Amino acid sequence: MYDFLRFVPDANIDFGFENYVVFAESKIKVNKFYKARLIKAESVNELISKLKRVRNDEIVGVYSSNLKVNREAVMRKKVDVLLDGVDRKLDYKTIKLAAEKNVIIEICFSKYVKANNLMRLFEEDLELIRIINKFDTPFALTSAASNCYEMRTKKQIYDFFSFLGANIKSAEKHAIKLIREYYDPNFILDGLEILE
Amino acid sequence: MSNPALVLAHEWIGLDVEVIESPNECEVGIKGQIIDETMKTLKIKTDKGVKTIAKKHRMFKIKFCNRVLKVKGDLIAYRPEDRIKKGIMMIKRAKGKVWI
């Protein structure tokens, strides 16, 4: 339902998604799209210092190629999404911890467009999806495009990852839940809502 | 007590409740006042007598703080005395808006 992007797309763009979540490091105008904070960190100290500057009422995504940073990010309450990229590192423990701490793991399509060694990416994602299915870890299937040429339609992305064994309905459910947590005034927590 | 999130930590006996989702279709639509509660069940006083409903895998509609709330039964499947601690912990751990 929702796609995670790294740039502000054209307002009239239609790739079959209900809306887009734009992750950016600095403050930007996102028009009708949802805004989220992107934190890039290469050390745990850098992550902690950057997280201190983040407000509680915005979606936070962390991107790091360091395994220790990703594990620390999962344990922080402010972090909502572990963003994906060509050199992101995740291990079994981190994925299991993400299920406990309710942190969404992004699996993106744009890295397949950028990368040279596709077989390594396929192997890593197959293993990642296997562990995600085992622990029922929250995850989201996105394009993670940093320009309009990396964007793909919803059907293309979902067909590609369903071929790798991902549960599409579960991915949609977690993305909707993330948006509702921050933007729906009637949503308190998963399983508790205000009707009237 | 004006915070609707605190329904998870509040006493449920005496509140008006309705079962809106259940794996047992006969239970859907049961509504009345809660007269007793155990760890896994609620006893609801209805027009047709007292009904005992399991908490797990059910969805309840409850009036609380002048609002109507939809509560998943799994969130309240604790002893009433344990729920004070566990309910507040659940709300504090929830991501997104800060309710407490």
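Residues numbered from 1 in each chain as written. Chains lettered and ligands numbered in written order. Predicted model: local features only at pLDDT ≥ 70, side-chain atom pairs only at ≥ 80, totals over all residues.

Can you help me understand the overall build of chain B in this one?
Per the secondary structure count, chain B includes one helix and six strands. When the helices and strands of chain B are listed from N to C terminus, the series reads β-β-β-β-β-β-α. Relative to its length of 100 residues, chain B is compact, with a C-alpha radius of gyration of 13 Å against a globular reference of 13 Å. Taking the principal axes of the C-alpha coordinates as reference, chain B spans close to 40 × 25 × 25 Å. Across the 100 residues in chain B, those meeting the buried criterion constitute 27%. Taking contacts inside chain B between residues at least 6 apart in sequence as the whole, the part at least 24 apart equals 42%. (Helix = DSSP H or I, 4+ residues; strand = E, 2+ residues; numbered from the N terminus. Rg over C-alpha atoms; globule rule 2.2 N^0.38 Å. Buried ≥ 20, exposed ≤ 12 C-beta atoms within 10 Å, placed from the backbone. Contact = placed C-beta atoms within 7 Å.)

Which parts of the structure should I look at to understand the interface of chain B and chain A?
By a widespread convention, an interface's size corresponds to the accessible area lost as its parts come together. In this assembly, 20 residues from chain B lie in contact with 15 residues from chain A. The leading source of residues in the side of chain B that touches chain A is strand 6 (residues 67-72) of chain B, at six residues. Residue composition of the side of chain B that touches chain A, by class: 12 nonpolar, one polar and seven charged. Pairing analysis gives three bridges linking strand 9 (residues 192-194) of chain A to strand 6 of chain B, with the strands arranged antiparallel. Pairing of A:Glu193 across the sheet is with B:Lys70, part of strand 6 of chain B. (Nonpolar A, V, L, I, M, F, W, Y, C, P; charged D, E, K, R; others polar. Pairing = 2+ DSSP bridges.)

For this particular structure, what's the right way to read the nonpolar core?
Most often, soluble globular proteins keep nonpolar side chains buried together rather than apart. Core analysis: the largest hydrophobic core is formed by 46 residues, its most contacted members being A:Val21, A:Val62, A:Leu82, A:Ile105 and A:Ile107. Residue contacts for A:Ile105: discarding those within four places in its chain leaves A:Leu82, A:Ile95, A:Ala98, A:Ile132, A:Thr137, A:Pro138 and A:Phe139. Listed in part, the 21 residues of the second largest apolar core include B:Val7, B:Val17, B:Phe60 and B:Ala94. (Core = buried A, V, L, I, M, F, W, Y, C linked by C-beta atoms within 7 Å.)

What should I look at first to understand helix 2 (residues 67-75) of chain A in this one?
In an α-helix, one full turn covers 3.6 residues, which means residues spaced three or four apart are oriented alike. Among the residues of helix 2 of chain A, those classed as buried are A:Val69, A:Asn70, A:Glu72, A:Ala73 and A:Val74. Those residues of helix 2 of chain A that are buried are in contact with helix 1 (44-52), strand 4 (59-63), strand 5 (81-82) and helix 3 (92-101) of chain A.

Before we go on, may I ask you to explain the pairing of strand 6 of chain B in this structure?
Each regular strand shows side chains that alternate between the opposite faces of the sheet. Residues and elements named next belong to chain B. As judged from the six bridges shared by strand 5 (residues 59-64) and strand 6, these two strands associate in the antiparallel manner. The residue of strand 6 that forms the bridge with Phe-60 is Val-71. Counted along the chain from strand 5 to the antiparallel partner strand 6, the turn is two residues long, and its residue Cys-65 has a positive phi close to 55°.

Could you clarify how one ought to interpret helix 3 of chain A in this entry?
All names here are of chain A. Where helix 3 is concerned, the buried positions are Thr-94, Ile-95 and Ala-98. Viewed along the axis of helix 3, the buried residues span an arc of 100°, placing them on a single side of the element. More than 90 degrees from the buried face of helix 3, the exposed residues found are Tyr-92, Lys-93 and Glu-100. Residues of helix 3 that are buried in the fold lie against helix 2, strand 5, strand 6 (104-108) and helix 5 (118-135). Positive phi appears at Asn-102, one or two residues downstream of helix 3, with a value of about 60°. (Arc of directions from axis to C-beta.)

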